[in-house]
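Chain and residue survey
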Amino acid sequence: MAEAIAKHAFTGAGHPPAKATFELMARPTAKTGLISWLTTVDHKKIGMLYGGFAILFFLIGGLEALMIRTQLMVPNNRFIGAQLYNELFTMHGTTMIFLAVMPLNAAFFNLLIPIQVGARDVAFPRLNAFSLWVWVVGAFLLNVGWLSHIVPSWQFGGAPDVGWFGYAPLTSKVFTPDLSTDLWVLGLQILGLSSIVASLNFIVTIINMRAPGLTMMRLPVFCWMALVTSFLLILALPAIAIALVEVMFDRNFGTNFFEVSGGGQPILWQHLFWVFGHPEVYILILPPMGYVSEILPTFARKPLFGYPIIVFSGVAIGFIGFGVWSHHMFTTGMGVVATAAFSIATMAIAVPTGVKIFNWIGTLWGGQIMTRVPMMFALGFIWMFMLGGFSGIMHSAAPADAQQQDSYFVIAHFHYVLIGGATFALLAAIHYWFPKFFGRMVPEFWGKVSFWLIFVGFNCTFFPMHFLGLNGMPRRTWTYDSNMGWNEGNFFATMGAYLLGLGIFTYFAVLVWSFFKGQKCGNDPWDGRTLEWSIPSPPPEHNFAAIPNVHARDAWWYEKTHQDEIAAEKAAHIKAEESHGGIHMPDQSWYPLFAAAGLGLAAFNFAQLHHPVMMMGNQVLSSHLPLALTGGVIMVAALYLWSLEGPGGYHIHLDANGNATESRGDHH
Amino acid sequence: MSSHAATIDHHHDATTSTGIPNKKLLWWAFLASDCMFFGALISTHLVYRLNPPPGNAIPTQVFNIELTSFSTFILLMSSLLMALAVNAIQKGNIRSTRTMLLGTMFFGCIFLGGQVYEFAHFVAVKKMTLSNSIFGSTFYTLTGTHGTHVAIGVLLLGMMYVRTFKPAHGESGLLRNFAHLAAVCTVMAVSFIWLVPSGIEAIYGAPVGELLSHHAVPFGIGAVALAVVFWFARSGGEVEFGEKNAIDVEAIGLYWHFVDIVWIIIFTAVYLLEYL
């Protein structure tokens, strides 16, 4: 066994180090400083970069929401103009989904999956870095339009303003001739590429890089949910990718996919979009279900209740999630059979979701519940997510949905699922794993203050929206008259939003304080169950001094209760690994960053293909094609050099005190 | 060949949890994803075939079913050569691997050349463009996406072919490698953009001499590039590539076979069904 582990890629000596036959530039080796972050292949650093960018965009999306709520605070308000309002609600949705919740989940996938499966990195470390930088490119393209509000000569036409689901024919060149829509199309396309590449990597990592003894049914639930989410991503994103290609062709190359005058049917966009869009909501919520399934047992002091049922429910949700997309389209006149079928499938998907809720309650039942901050957010998640689920069930009945369609009732529903659900779980997860990755605790008192501010603020904001929606207030409305009966509800919701904003500010301010001043903590501050708590906080570059043998579902719990057995195993693993040359680690690389930069140059110029290139008011080129091609060439060249460079690698040797030394170029 | 060559097990990788090599699993997962890309495109095509607007192009009047059947056959045969390339590298036979890789690439180029001829013919003679009918929009997008997949496959095979020449020892070689790849790419590009379409035109009765003089520049460049490819292919010293790289060839093989299977579906759904 120990021999096999020692040969494992990134767990032992794999390949001989690549010879310097094909080197354009020296491989970076910096461990600290800017270059180490730009060229990193370490899943923990990549996870932190994802997390940092995601929190930045989470706050930007939150500011957008506060501007929306301020505009709606009183009737006939003129706080912002209607055009800016359109840009704000479009970018609020797009930002929160693609640039906040998804990358925050990606951050946790990166931080936790390799450690929870007992590996030293993901299966394809450079590909992982590529996903990150491609994501940055997509985020840039989506937001670059804001700049034209600041510098009017950059004529992007403002930020995208077609709604987060960009329904045809609004995206037609006739109705939105601005570049903002082209940038939106390519920005989403590139974010999709990033997600697919990252998901392929995680699928291989979870299935293929498990430590010895870690059978699939011993995987932490979080890893299971990450696996299901990754499959959803690779199977759902292609639908929107093709839909976006079709819109791009319609806008730039004269095709007629969604152009009624040319025989196209705009309804096709809705189908393709929601074939992606509905699995997407499970992509957003399944990882949070994973965090909660890790946090509840820790603070209930009990193993997770009904582990196999929770796993199978997660898989079932992923599976049925592909068969419910048309419940977003009940009012489009699909016909009785289709409407009935999608209605039933939507009701059916509530069953595995409900099963999970009961399992979480079963986990709490009879436990010794410790109401630490992560647990408060996790309990809030169960309650708030259930409320969102109840209004979701109401939507599944097509006749009721016909009344609720495009009203604030829908806004209330999905904010209960996405804030009360996904965001509460993410805030729980950030608080729970912060000590692991920064080595410092977040103060309980201020964490609880932020929890109560967020909890109360959230409910004050969104609970009144149920009534506003049932009273007929439509979505995406810039303003409203004072005689509609919506004044009190809107004012209350806006006050709630300010409270929620204060809560979120408190939450992150406390995190920043804790990063510098928080009380230092050891390996296992929460008395946890899974492998990440068995290694130092923050984890060393190589994660594990010895690759663990997994004996039970709660692997670290077993280790804590069988210390002699584990110590002997670990000594054997370390010995075997050292005899194979030490701990094998992948080398850093410039090429993922270069390839992503080439892609960014190509996409940014391709979006404005038919426009002349201007510089200082003079026309330099008649179209952006040469610049787009240049970007493409840079990308292909970088990818080719990447493949020539090889995975490389070096070895880490640990002495008796755990101090690491590195060696390069040795043969094993 | 390395001394431990006989111990390589091509069907089980002891270093992974499942025994499946990581690269292979990655490609399988990617192909699952790619299925959905083509699924969305084929669905779009069929939706609009079932609901054609007035004045839509009539497929059977546009298609040249004999030519497409021929290039379909060639594409399927390229899969045979691909399988032989995998088989050769699993036995450590680099010479045969190179031959089969080149054969696969050339058959791929015949297919692509057929598509270049087809597209040019449809636009110039049948007057069906990307934008003048919904059939044109869906047809060119779907078959064009497939053609792009084949072209990427040819590029990947070309990179693999050039990689087989990477010397086992030595400090430099990057420029030589780039020049080699550029020559291979040039030969392939000239084949599918000019040579194969001209050949088809010749078969349909265009005078060969005129075709030669009309495309003299690309043919000349192609001939020079071909000579360069031959020159680089002289047997050199020991190479780094060997039986241990079988998984790399097999991974590209997976992709290549998948693209063929997708073509079988497209050929059936887009072409053959129109003749029922």
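Residues numbered from 1 in each chain as written. Chains lettered and ligands numbered in written order. Predicted model: local features only at pLDDT ≥ 70, side-chain atom pairs only at ≥ 80, totals over all residues.

**Brief notes about the overall build of chain A**
Each helix and strand counted, chain A has 20 helices and five strands in total. Taken over C-alpha atoms, the radius of gyration comes to 25 Å for chain A, in line with the 26 Å a tight globule of 668 residues would show. Along the first, second and third principal axes, the C-alpha set of chain A runs to 75 × 65 × 50 Å. The 668 residues of chain A split such that 56% are buried. Restricting the contact set of chain A to residue pairs at least 6 apart, pairs at least 24 apart contribute 81%. (Helix = DSSP H or I, 4+ residues; strand = E, 2+ residues; numbered from the N terminus. Rg over C-alpha atoms; globule rule 2.2 N^0.38 Å. Buried ≥ 20, exposed ≤ 12 C-beta atoms within 10 Å, placed from the backbone. Contact = placed C-beta atoms within 7 Å.)

**Some points on the overall build of chain B**
Across its full length, chain B holds nine helices and zero strands. Its helices and strands in sequence order give chain B the pattern α-α-α-α-α-α-α-α-α, from N to C terminus. Overall size of chain B, expressed as C-alpha extent along the three principal axes, is 70 × 50 × 25 Å. For chain B, the proportion of its 276 residues judged to be buried stands at 37%. Long-range contacts, defined as pairs at least 24 residues apart, comprise 83% of the intrachain contacts of chain B with a sequence gap of at least 6.

**Some points on the nonpolar core**
All names here are of chain A. Residues Val101, Val134, Ala239, Val292, Ala378, Ala425 and Ala428 are the most contacted members of the largest nonpolar core, which totals 254 residues. Once you skip the residues sitting within four places of it in the chain, valine 292 turns out to touch Trp360, Ala378, Phe381, Ala425 and Ala428. Within the second largest apolar cluster, five residues are counted, among which are Leu88, Phe89, Met91 and Ala159. (Core = buried A, V, L, I, M, F, W, Y, C linked by C-beta atoms within 7 Å.)

**As for the interface of chain A and chain B**
Facing the 39 residues of chain A at the interface are 35 residues of chain B. Secondary-structure elements contributing two or more residues to the side of chain A that touches chain B are helix H1 (2–7), helix H7 (179–208), helix H8 (221–253), helix H9 (267–300) and helix H20 (625–645) of chain A. The greatest single-element share of the side of chain A that touches chain B, amounting to nine residues, is contributed by H8(A). Looking at side-chain class alone, the side of chain A that touches chain B contains 26 nonpolar, ten polar and three charged residues. (Nonpolar A, V, L, I, M, F, W, Y, C, P; charged D, E, K, R; others polar.)

**Let's talk about the confidence of the model for chain B**
The pLDDT averaged across chain B works out to 92; a share of 96% of its residues lies at or above 70. Confidence estimates for the predicted assembly give a pTM of 0.94 and an ipTM of 0.93. (pLDDT = per-residue confidence, 0-100.)

**A few points about the packing of helix H4 (residues 82–116) of chain A against helix H14 (residues 408–438) of chain A**
All names here are of chain A. One way to put it is that H4 packs onto H14 with a least axis distance of 11 Å and a crossing angle of 35 degrees. Read as a crossing pair, H4 and H14 show a hand that is left-handed. Within the contact between the two elements, H4 uses Val101, Leu104, Phe108 and Leu111 and H14 uses Leu418, Ala422, Leu426, Ala429, Trp433 and Phe437. When grouped by side-chain class, the residues that make up the contact of H4 with H14 number ten nonpolar, no polar and no charged. (Axes fitted to C-alpha atoms, helices over the stretch in contact; angles between N-to-C directions. Left-handed = near helix turned anticlockwise from the far one by under 90°.)

**Overview of the environment of B:Gly253**
Residues and elements named next belong to chain B. Tracing the chain through its elements places glycine 253 in helix H9 (residues 246–271). When the 24 C-beta atoms within 10 Å are taken as the criterion, glycine 253 is described as buried. Among all residues touching glycine 253, those that are not within four sequence positions of it are Met82, Ala83 and Val86.

**Looking at the packing of helix H5 (residues 134–163) of chain B against H9(B)**
All names here are of chain B. It is at 10 Å that the axes of H5 and H9 come closest, and there the two elements cross at 160 degrees. Between H5 and H9, the crossing angle belongs to the class labelled roughly antiparallel. Of the two elements, H5 crosses H9, and the hand of that crossing is left-handed. Touching Phe139, Leu142, Thr143, His146, His149, Val150, Gly153, Leu156, Leu157 and Met160 of H5 are Asp248, Val249, Ile252, Tyr255, Trp256, Val259, Val262, Trp263, Ile266 and Val270, all from H9. (Parallel < 35°, antiparallel > 145°, perpendicular 65-115°, else oblique.)

**Here's the deal with the environment of B:Phe241**
Relative to the helices and strands, B:Phe241 is located in the loop between helix H8 (216–232) and H9. B:Phe241 sits 146 residues away from B:Arg95 along the chain, and the two C-alpha atoms are 11 Å apart.

**Things to note about the sheet that holds strand E1 (residues 583–585) of chain A**
All names here are of chain A. In space, the three strands of this open sheet follow the order E1-E4-E5, with antiparallel pairing throughout. The sheet is open, and its two borders are formed by E1 and strand E5 (660–663), each paired with just one other strand. The average angle at which neighbouring strand axes cross in this sheet is 35 degrees, direction not considered. (Pairing = 2+ DSSP bridges.)

**Focus on unusual backbone geometry**
Residues and elements named next belong to chain A. Residue proline 169 is reached from alanine 168 by a cis peptide bond, and omega for that bond is 0 degrees. As for its position among the elements, proline 169 is in the loop between helix H6 (147–150) and H7. The residue after serine 537, namely proline 538, is reached through a cis peptide bond having omega -10 degrees. Among the structural elements, proline 538 can be located in the loop between helix H16 (487–517) and helix H17 (555–561). In this structure, aspartate 527 takes a positive phi of about 55 degrees despite not being glycine. As for its position among the elements, aspartate 527 is in the loop between H16 and H17.

**Side note on the environment of A:Cys223**
All names here are of chain A. With respect to the helices and strands, cysteine 223 occurs in helix H8. On the basis of neighbour counts, which here come to 25 C-beta atoms within 10 Å, the residue cysteine 223 falls in the buried class. Taking the C-alpha atoms as reference points, cysteine 223 and alanine 139, separated by 84 residues in sequence, lie 26 Å from one another. Apart from the residues within four sequence positions on either side, cysteine 223 is in contact with Ile113, Gln116, Val117 and Ile206.

**Topic: helix H15 (residues 444–470) of chain A**
The end-to-end C-alpha distance of H15(A), which contains 27 residues, comes to 39 Å, matching closely the 39 Å that a straight helix rising 1.5 Å per residue would cover. At the C-terminal side of H15(A), A:Gly472 shows a positive phi close to 100 degrees. (Expected span 1.5 Å × (residues − 1).)

**Comments concerning the pairing of strand E3 (residues 618–621) of chain A**
Residue and element names in this part refer to chain A. In this sheet, E3 lies alongside strand E2 (residues 613–615) in antiparallel orientation, the contact comprising three bridges. Among the inter-strand pairings, methionine 615 is bridged to a residue of E3, identified as asparagine 618. From the end of E2 to the start of E3, which pair antiparallel, there are two residues, and methionine 616 there has a positive phi angle of about 55 degrees.

**Observations regarding the pairing of strand E4 (residues 650–654) of chain A**
Residues and elements named next belong to chain A. Looking at chain direction, E1 and E4 are connected through three bridges and run antiparallel. By the bridge assignment for E4, histidine 584 is matched with histidine 651. Direction of pairing for E4 relative to E5: antiparallel, over a ladder of four bridges. When the sheet's bridge partners are listed, isoleucine 652 is paired in E5 with glutamate 662. Count of turn residues in the E4/E5 antiparallel hairpin: five residues, of which glycine 658 carries a positive phi of about 85 degrees.

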